[in-house]
Amino acid sequence: MMGMKKSREFIEEAGAMLTHLREEEPLVHCMTNDVVTSYTANCLLAVGAAPAMIPDKEEARQFAAVASALLVNVGTITEPQAEAMRAAVDSANGAGRPWVLDPVAVGALSLRTSLANELKMKKPALIRGNASEIIALAGFKASGRGVDSTAAVDEAREAASMLAEETGAAVLVTGPVDIAVAKGKPVISISNGSPLMTRVTGVGCAQGAICAALATLSDDMHSVAVATALVMAVAGDMAAEKATRPGSFQIALLDALDAVDAEELIARGKVAV
Amino acid sequence: MMGMKKSREFIEEAGAMLTHLREEEPLVHCMTNDVVTSYTANCLLAVGAAPAMIPDKEEARQFAAVASALLVNVGTITEPQAEAMRAAVDSANGAGRPWVLDPVAVGALSLRTSLANELKMKKPALIRGNASEIIALAGFKASGRGVDSTAAVDEAREAASMLAEETGAAVLVTGPVDIAVAKGKPVISISNGSPLMTRVTGVGCAQGAICAALATLSDDMHSVAVATALVMAVAGDMAAEKATRPGSFQIALLDALDAVDAEELIARGKVAV
Amino acid sequence: MMGMKKSREFIEEAGAMLTHLREEEPLVHCMTNDVVTSYTANCLLAVGAAPAMIPDKEEARQFAAVASALLVNVGTITEPQAEAMRAAVDSANGAGRPWVLDPVAVGALSLRTSLANELKMKKPALIRGNASEIIALAGFKASGRGVDSTAAVDEAREAASMLAEETGAAVLVTGPVDIAVAKGKPVISISNGSPLMTRVTGVGCAQGAICAALATLSDDMHSVAVATALVMAVAGDMAAEKATRPGSFQIALLDALDAVDAEELIARGKVAV
């Protein structure tokens, strides 16, 4: 029961999901922050999914029941957006659509912290954050310095496990090494990726969106978390071979999300069970 | 009276408008969706126009009377933005400025659908959308799956003709083949362009903005629709010679909007009357 | 007392600040316009700072006391954002954090003009604008045509001096030649840079953000204004050697903001005291 899957199996499963995603082109309703709307949409398009951003509360309620999946990212939350997110989450749950919570900069800031703590109990399929955010969302003391993760991913392992236990969601903690955690499953580490991924805004937020796209293709959210981390981090490796500075890396990463496939994942993937 | 213009004449007219645009640098007031603000502004700058985004209702009213033209794109509409758009449209009309309606994802979503149906009766100079959107705005049954046009452009021909008749606007339906429709004018098809244009967010929305820029330079909105389609689609052809993946294509398209000129339009334009 | 510093000293000081910035990675709270959020964040990341955008009023108040510096850019101002900016400015002032005012398109538009006139009396460390904006903010008659600076930078010199006198802020006027003005200091001109910088949206707005980042590293805001202008304009020179059209220039400028260093500033800087 504990998932005796090996690294190679996780990688092959991720490759199959990526192939499947390009056949299905899932429509992802992104309620995300103002800074990354365009890059998130372009990452989804590059990887093979279809993005849509619908901020009005009533329209968000309507659309969440029609879209394949929903992303809720609190990075530039305001009161009207919080209301719309609540409506969309309830609607997605009602329609049986998976949804992903990205608790950007949760910790010291009041509106997003109370909202994320409320939403995490509404059955997200996955939660994605950096170490600081996952630590804060689990109720541990956070550094509060915003989007920069200062806590090491390793320190977030315990918090992620508690959060997975409490919410039932799979938890993807991203950083120099990504970890995927779910109740009753082994902690999986994915160590691909480039430091340039933190020199461009929106890479982490786009991972949340890719989580949502992949969540439409499997019932195993632990595998979805692993696949998301692998796809983005292997694309990061491929982009870092083309570009050494942040502007051109940002573009190369979009090209790499288009180019990455099952074969690249198998050739490059570094997964430790 | 019915426009016996030939393909070559439409292309030469588009080239003349593009040259004229670069002399006039029209200032386009873009009330557009959150995902594409930056790319729209960069497309306008690349082609030779000047963008400005003014969301506050009172400021939008003031600015619409001063700017050369107005774009209204309902892609991420909210109630406050709907109010500001109404004020801006009335102000543009009062000042004799042309304005363009882009009914993004109109159909199943309530706020945008009622707003677009209200605004289409306020004398837009042009309406731009994909086939699904034009079909929905004409009151036909739409697919409602959002920004992805599932209906073929051909099927939108009848809807576009009805919409042109009802509103007095020229209608540009974009897709693998673009068509330009206006009351009492022949249906013109423009078949340049690259599939990569749908792998990048904001290309269609930027076409709406270029419609607005070109609408300041002619009284013949049918020719403006043809010129807009030609400029973007020929730039798409040029960009596709430089880039084969979506990230680098997005940038190459901006470069191509800067490089495209009357000569390129004549050499490459595929227009069928 | 009048600052007998020579050109070379300003350039060396700018180089030292840039080196220092990369050690400190100051966290800049950007309350900026919707068009440039992503490019501003990417410019800050490229140059070595950390961006965060927090729009909610209460969260903005909280965050402005924690972040290293605050940027207030009124380019797409709305009433809720004006309220949040007031709260953030008061909080930054209370916590002793420097803040920068960018009065985008101030002049003919009512909300931004009254807000900027209110905020300029709340002790900004720096004010950055193009010639038209600085002229308008100083209370002179402005052209009102929006973000395009039609008045020459030279004509803005008197307005900038009056504004510096009235507010106590250093004033950076950007254009083909940038000028840095502060009370009791000589007017400094920086004449690096490329015309392509005006063919891409957000370069001026990103300068405001870099002002804020550098303001955390010195008590001399006049030198910060010079350093900001130098870093961006020398990066512009470097980018113009790599790219000749606006799309690729936009990306090359991000790469150049990563590559520019004290050595490049000394080799390329054109500063006139």
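Reading the values: the criteria
- Residues numbered from 1 in each chain as written.
- Chains lettered and ligands numbered in written order.
- Predicted model: local features only at pLDDT ≥ 70, side-chain atom pairs only at ≥ 80, totals over all residues.
- Heavy atoms only, no water.
- Helix = DSSP H or I, 4+ residues; strand = E, 2+ residues; numbered from the N terminus.
- Rg over C-alpha atoms; globule rule 2.2 N^0.38 Å.
- Buried < 20%, exposed > 50% of the residue type's maximum accessible area, 1.4 Å probe, protein only.
- Contact = heavy atoms within 4.5 Å.
- Areas by Shrake-Rupley, 256 points an atom, 1.4 Å probe, with all protein chains shown as cover.
- Lys, Arg positive; Asp, Glu negative; His and termini not counted.
- Charge placed at Lys NZ, Arg CZ, Asp CG, Glu CD.
- Least-squares fit on C-alpha atoms with pLDDT ≥ 70 in both.
- Salt bridge = Lys/Arg side-chain N within 4 Å of Asp/Glu carboxyl O.
- Polar contact = N/O pair within 3.5 Å; in protein donor to acceptor, adjacent residues only side chain to side chain.
- Nonpolar A, V, L, I, M, F, W, Y, C, P; charged D, E, K, R; others polar.
- pLDDT = per-residue confidence, 0-100.
- Pairing = 2+ DSSP bridges.
- Right-handed = clockwise from strand over helix to strand, strands pointing away.
- Expected span 1.5 Å × (residues − 1).
- Axes fitted to C-alpha atoms, helices over the stretch in contact; angles between N-to-C directions.
- Parallel < 35°, antiparallel > 145°, perpendicular 65-115°, else oblique.
- Left-handed = near helix turned anticlockwise from the far one by under 90°.
- Buried area = accessible area lost by both parts, 1.4 Å probe.

### Some points on the overall build of chain A
For step 1, the next point in the chain: If you tally the helices and strands in chain A, you get eleven helices and nine strands.
For step 2, the next point in the chain: Taken over C-alpha atoms, the radius of gyration comes to 17 Å for chain A, in line with the 19 Å a tight globule of 273 residues would show.
For step 3, the next point in the chain: Taking the principal axes of the C-alpha coordinates as reference, chain A spans close to 45 × 40 × 35 Å.
For step 4, the next point in the chain: Of all 273 residues assigned to chain A, the portion counted as buried reaches 62%.
For step 5, the next point in the chain: Once local pairs closer than 6 in sequence are excluded, the contacts in chain A between residues at least 24 apart make up 72%.
For step 6, the next point in the chain: Put simply, chain A shows about 9,100 Å² of open surface, and 52% of that area lies on carbon and sulfur atoms.
For step 7, the next point in the chain: Distance between charge centroids for chain A: 4 Å, based on 23 positive and 32 negative side chains.

### Description of the relation of the copies chain C and chain B
For step 1, the next point in the chain: Relative to chain B, chain C is turned by 120° and slid 0.0 Å along the rotation axis, the superposed coordinates differing by an RMSD of 0.0 Å. These values place the two chain copies in the arrangement generated by a three-fold rotation axis. Using C-alpha coordinates, one finds that chain C approaches the rotation axis most closely at Asp34(C), a distance of 4.2 Å.
For step 2, the next point in the chain: Taken as a fraction of all interface residues of chain C, those also at the interface in chain B reach only 4%, which identifies the copy contact as different-surface.

### Re the interface of chain C and chain B
For step 1, the next point in the chain: Taken together, the 26 residues of chain C in the interface contact 25 residues of chain B.
For step 2, the next point in the chain: Here chain C and chain B share three salt bridges between them.
For step 3, the next point in the chain: The salt bridge partner of Arg112(C) is Glu59(B), with a shortest N-O separation of 2.7 Å.
For step 4, the next point in the chain: Across the chain C-chain B interface, the total number found is eleven residue pairs in polar contact (both at pLDDT 80 or more).
For step 5, the next point in the chain: Elements with a contribution of two residues or more to the side of chain C that touches chain B: α5 (110-119) and α10 (246-259) of chain C.
For step 6, the next point in the chain: If you tally residues by element for the side of chain C that touches chain B, the top one is α10(C), at five residues.
For step 7, the next point in the chain: Residue composition of the side of chain C that touches chain B, grouped by class: nine nonpolar, ten polar and seven charged.

### Here's the deal with the relation of the copies chain A and chain B
For step 1, the next point in the chain: Expressed as a screw transformation, the operator carrying chain A onto chain B has a rotation angle of 120° and an axial translation of 0.0 Å, and the superposed copies differ by an RMSD of 0.0 Å.
For step 2, the next point in the chain: Taken together, the interface assignments show that only 4% of the residues at the interface of chain A recur at the interface of chain B, consistent with different surfaces on the two copies.

### Brief notes about the confidence of the model for chain A
For step 1, the next point in the chain: Residues with a pLDDT of 70 or more make up 93% of chain A, whose mean pLDDT is 94.
For step 2, the next point in the chain: The low-confidence segment residues 144-148 of chain A (pLDDT under 50) makes 14 contacts with residues lying over four places distant or belonging to another chain.

### Quick look at unusual backbone geometry
For step 1, the next point in the chain: Phi angles above zero are rare outside glycine, and Glu25(B) is one such case at about 45°.
For step 2, the next point in the chain: Along the chain, Glu25(B) turns up in the loop between α1 (7-24) and β1 (27-31).
For step 3, the next point in the chain: A residue is classified by how much of its surface remains accessible, and Glu25(B), at 40% relative accessible area, is partly exposed.
For step 4, the next point in the chain: Even without a glycine there, the phi angle at Ala105(C) is positive, about 60°.
For step 5, the next point in the chain: Here Ala105(C) shows up in the loop between β4 (99-102) and α5.

### Remarks on the pairing of strand β4 (residues 99-102) of chain A
Residue and element names in this part refer to chain A.
For step 1, the next point in the chain: With burial as the criterion, each face of β4 is covered, one bearing Trp99 and Leu101 and the other bearing Val100 and Asp102.
For step 2, the next point in the chain: Bridging between strand β3 (residues 69-73) and β4 involves four bridges; their strand directions are parallel. Its bridge partner being in β4, Asn73 is matched across the sheet by Asp102.
For step 3, the next point in the chain: Regarding topology, helix α4 (residues 79-95) serves as the crossover connection from β3 to the parallel β4, and that connection is right-handed.

### Digging into helix α4 (residues 79-94) of chain C
Residue and element names in this part refer to chain C.
For step 1, the next point in the chain: Spanning 16 residues, α4 covers 23 Å between terminal C-alpha atoms, matching the ideal 22 Å at 1.5 Å per step.
For step 2, the next point in the chain: The set of residues buried in α4 consists of Gln81, Ala82, Ala84, Met85, Ala87, Ala88, Val89, Ser91 and Ala92.
For step 3, the next point in the chain: Tucked inside the fold, the buried residues of α4 contact β1 (27-31), α3 (57-64), β3 (69-73), β4 and α5.
For step 4, the next point in the chain: Looking at the residues trailing α4, positive phi occurs at Gly96, about 75°.

### A look at the pattern of salt bridges
For step 1, the next point in the chain: Under the definition given, this model contains 51 salt bridges over all chains.
For step 2, the next point in the chain: Of the charged contacts, one joins Lys185(A) and Asp220(A) as a salt bridge, the two residues approaching to 3.3 Å between their closest N and O atoms. With a gap of 35 residues between them, Lys185(A) in the loop between β7 (178-181) and β8 (188-190) and Asp220(A) in the loop between α8 (203-215) and α9 (221-240) connect regions that are remote in the sequence.
For step 3, the next point in the chain: Among the salt bridges present, the one from Arg268(B) reaches Glu264(B), with a minimum N-O distance of 2.7 Å. Separated by four residues within a single helix, Arg268(B) and Glu264(B) lie in helix α11 (residues 262-268), roughly one turn from each other.

### Concerning the packing of helix α2 (residues 37-47) of chain C against α10(C)
Residues and elements named next belong to chain C.
For step 1, the next point in the chain: As a packed pair, α2 and α10 sit with axes 7 Å apart at the nearest point and diverge in direction by 30°. Between α2 and α10, the angle is such that the two are roughly parallel. Crossing handedness for the pair α2 and α10: right-handed. Residues Tyr39, Asn42, Cys43, Ala46 and Val47 of α2 lie in contact with α10, whose contacting residues are Gln250, Leu253, Leu254, Leu257 and Asp258.
For step 2, the next point in the chain: For the contact of α2 with α10, the residue count by class is seven nonpolar, two polar and one charged.

### Quick notes on the sheet that holds strand β4 (residues 99-102) of chain B
All names here are of chain B.
For step 1, the next point in the chain: On the basis of which strands lie adjacent, the open sheet formed by nine strands has the order β2-β1-β3-β4-β5-β6-β7-β8-β9 and mixed pairing. Taken across any chain shown, the strands that pair with only one partner, and hence form the sheet edges, are β2 (50-52) and β9 (271-272).
For step 2, the next point in the chain: With two bridges joining them, strand β8 (residues 188-190) and β9 adopt antiparallel strand pairing. Paired with Ser189 across the strands is Ala272, a residue of β9.
For step 3, the next point in the chain: Packing of helix α8 (residues 203-215) onto the sheet brings it into contact with β1, β3 (69-73), β4, β5 (126-130), β6 (170-174) and β7 (178-181), and relative to β3 it is tilted by some 155°.

### So, the interface of chain A and chain B
For step 1, the next point in the chain: On the chain B side, the residues contacting the 25 residues of chain A number 26 residues.
For step 2, the next point in the chain: Around 2,100 Å² of area is buried between chain A and chain B when both sides are counted, 53% of it from carbon and sulfur atoms.
For step 3, the next point in the chain: Our count for the chain A to chain B interface comes out at three salt bridges.
For step 4, the next point in the chain: A salt bridge links Arg245(B) to Asp258(A), with the nearest nitrogen and oxygen atoms 2.8 Å apart.
For step 5, the next point in the chain: Counting every contact that joins chain A to chain B gives eleven residue pairs in polar contact (both at pLDDT 80 or more).
For step 6, the next point in the chain: For the side of chain A that touches chain B, the elements supplying multiple residues, two or more each, are α2 (37-47), β2 (50-52), α3 (57-64) and α10 (246-259) of chain A.
For step 7, the next point in the chain: Looking at which element gives the most residues to the side of chain A that touches chain B, the answer is α2(A), with six residues.
For step 8, the next point in the chain: For the side of chain A that touches chain B, the class distribution of residues is 14 nonpolar, four polar and seven charged.

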